[in-house]
There are 2 protein chains.
Amino acid sequence: MPRQVDYESRRRRIAEAVCLLADEHGPEGVSMRDVAARAQVSLGAVQRCFRNKEEMLLFAVDHVGERITERVRTRLASSPDRSAATALGHAADEIALLREEQRAEARIWLAFVARAAVSEVLGGPLRTSYAALQDLFVRLVTEATGSDSADEGAAPPDPRREARALLALADGLTTHVLVGHLTGEEAEEVLHAHLADLWERIRTARPREAG
Amino acid sequence: MPRQVDYESRRRRIAEAVCLLADEHGPEGVSMRDVAARAQVSLGAVQRCFRNKEEMLLFAVDHVGERITERVRTRLASSPDRSAATALGHAADEIALLREEQRAEARIWLAFVARAAVSEVLGGPLRTSYAALQDLFVRLVTEATGSDSADEGAAPPDPRREARALLALADGLTTHVLVGHLTGEEAEEVLHAHLADLWERIRTARPREAG
DNA sequence: CCGGAAGCGATACGATCGTATCGGAACAAG
DNA sequence: CTTGTTCCGATACGATCGTATCGCTTCCGG
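Residues numbered from 1 in each chain as written. Chains lettered and ligands numbered in written order. Predicted model: local features only at pLDDT ≥ 70, side-chain atom pairs only at ≥ 80, totals over all residues. Heavy atoms only, no water.

Asks: Residues and numbers for the packing of aromatic side chains, please.
Replies: What describes a pair of aromatic rings is the distance from one ring centre to the other and the angle between the planes of the rings. Residue and element names in this part refer to chain A. What the rule picks out here adds up to 4 aromatic pairs over all chains. Aromatic pair Trp 109 and Tyr 130: ring centres 5.6 Å apart, planes at 75°, arrangement edge-to-face. Of this pair, Trp 109 sits in helix H6 (residues 103-116) while Tyr 130 sits in helix H7 (residues 120-145), and the two are 21 residues apart along the sequence. Its relative accessible area of 9% is what places Trp 109 among the buried residues. (Phe/Tyr/Trp six-rings, centres within 6.5 Å; stacked < 30°, edge-to-face > 60°. Helix = DSSP H or I, 4+ residues; strand = E, 2+ residues; numbered from the N terminus. Buried < 20%, exposed > 50% of the residue type's maximum accessible area, 1.4 Å probe, protein only.)

Asks: Any chance you could break down the relation of the copies chain A and chain B for me, citing the residues and the numbers?
Replies: Once chain A has been moved 0.0 Å along the axis and rotated by 180°, it coincides with chain B to within an RMSD of 0.0 Å. Such a combination of rotation and displacement between the chain copies is what one expects of a two-fold axis. Most of the interface of chain A is mirrored in chain B: 100% of its interface residues are interface residues there too. (Least-squares fit on C-alpha atoms with pLDDT ≥ 70 in both. Contact = heavy atoms within 4.5 Å.)

Asks: If you had to explain the interface of chain A and chain B to someone new, which residues and values would you point to?
Replies: If you look at the interface, chain A gives 40 residues, while chain B gives 40 residues. Three residues stand out in chain A for area buried against chain B, namely Glu 28, Arg 164 and Val 179 of chain A, and they jointly supply 17% of the buried area on that side. Across the pair Asp 197 of chain B and Arg 201 of chain A runs a salt bridge, and its minimum N-O distance is 3.4 Å. In this assembly, chain A and chain B are joined by 14 residue pairs in polar contact (both at pLDDT 80 or more). Residue assignment for the side of chain A that touches chain B shows that the elements contributing at least two residues are helix H1 (7-25), H6, H7, helix H8 (159-179) and helix H9 (184-205) of chain A. Considering every element that reaches the side of chain A that touches chain B, the biggest residue donor is H8 of chain A, with 13 residues. (Buried area = accessible area lost by both parts, 1.4 Å probe. Salt bridge = Lys/Arg side-chain N within 4 Å of Asp/Glu carboxyl O. Polar contact = N/O pair within 3.5 Å; in protein donor to acceptor, adjacent residues only side chain to side chain.)

See the structure below:
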């Protein structure tokens with residue numbers, strides 16, 4: 001058997017190049033030639049890694065999705081405060097890619113989302129990522145609400161619904177920042193207000209929790 | 001002076017063709033030739049209407065934006081119930097393009113948003129549309145809160161912030177339906193729950209309102 | 001040591017893109 | 001009718017796209 005190369009690492013390197021280009025020139029500005037140039041490999045190398053362009057994009061969107069969810073998990077794990085409240089706040093902050101240094105990732109994500117709305121195959125990994133994030137949020141909200149909550153006060157918020165709302169709000173805010181309708185600070189204010197309200201509803205649903 | 005044609009109506013017809021194609025094949029699948037064929041005009045006719053492709057897309061996004069805001073206004077005007085509460089609910093329903101028959105418009109919108117995140121010139125009309133919708137929502141929330149609200153009970157919600165949150169939530173939900181993370185019904189449930197909560201907060205902020 | 005499979009980069013190919021150009025049809029003015 | 005201007009649709013053009021192909025190099029197995 002002749003020369004062996006590490007395809008996986010190369011695939012990742014190419015995926016990074018895809019992200020860089022999607023950030024700079026949008027979803028339409030990602031050509032295989034440019035990707036190859038960015039990854040500092042030949043066009044043939046890209047072709048050998050992926051059967052066609054769609055497979056390349058598929059791998060790239062998976063790559064981004066894992067990167068984001070991984071970043072959220074890291075942020076949660078590194079937080080000294082173990083309360084679900086601050087954890088959820090941090091998670092939401094990581095999801096809503098509002099900070100300047102996350103702007104690139106946000107553009108990449110939007111590029112893939114727009115494409116996935118048409119390409120069914122590209123939607124798969126995207127849905128997987130969304131499902132993972134939703135599950136994480138459901139867990140955090142449930143934890144914050146408290147599993148032992150008896151039926152006191154108002155009905156506690158439905159964790160799944162709250163998770164979905166939070167996820168959608170974060171995504172919408174990200175989009176609005178990208179198109180320039182909101183600034184990052186304005187979006188953050190909206191997000192934090194929503195979270196504050198969520199706490200309030202959780203708190204009033206469990207009055208005994210105060211102690 | 002020789003033959004005179006109605007350029008404006010033709011531009012609109014072309015814009016409709018752009019929307020149809022953006023819906024079917026995504027943002028990248030909109031070529032001037034396909035647009036011309038869809039609009040049943042020659043390629044030259046399209047070129048005479050718009051100096052280049054970007055101008056065409058610019059006109060189309062303006063067209064869509066006006067159509068959506070117009071639809072919201074119509075819905076509000078036609079509602080027999082003049083209360084701000086139901087009005088805001090209807091408006092949110094029209095904004096969040098969750099119903100099946102609005103799916104096409106949603107895809108078009110997402111296509112333009114994704115492109116606008118890169119193309120600065122395309123972002124202009126998009127921001128205009130968002131600003132118009134936000135103003136509308138601010139007005140409705142303010143009306144619902146009541147301008148005469150004294151400082152009773154909890155602080156009433158900030159209308160602008162609530163408008164932004166509602167707009168972002170609606171957009172995010174639309175996106176999540178398009179990528180298949182949520183069904184239209186699930187998204188609607190989340191949206192309505194958010195609205196219900198908004199009413200609750202408005203109500204508790206003005207306890208005298210009950211009468 | 002050598003035959004051949006696997007990887008390499010360059011190039012070719014056909015399609016399609018946005019845009020430019022052009023000869024003729026259509027029509028108001030003289 | 002002739003003339004001049006405007007609109008028409010077809011075609012041309014160059015660029016770029018995704019993909020296929022093809023010698024050449026590399027290097028393990030026998």
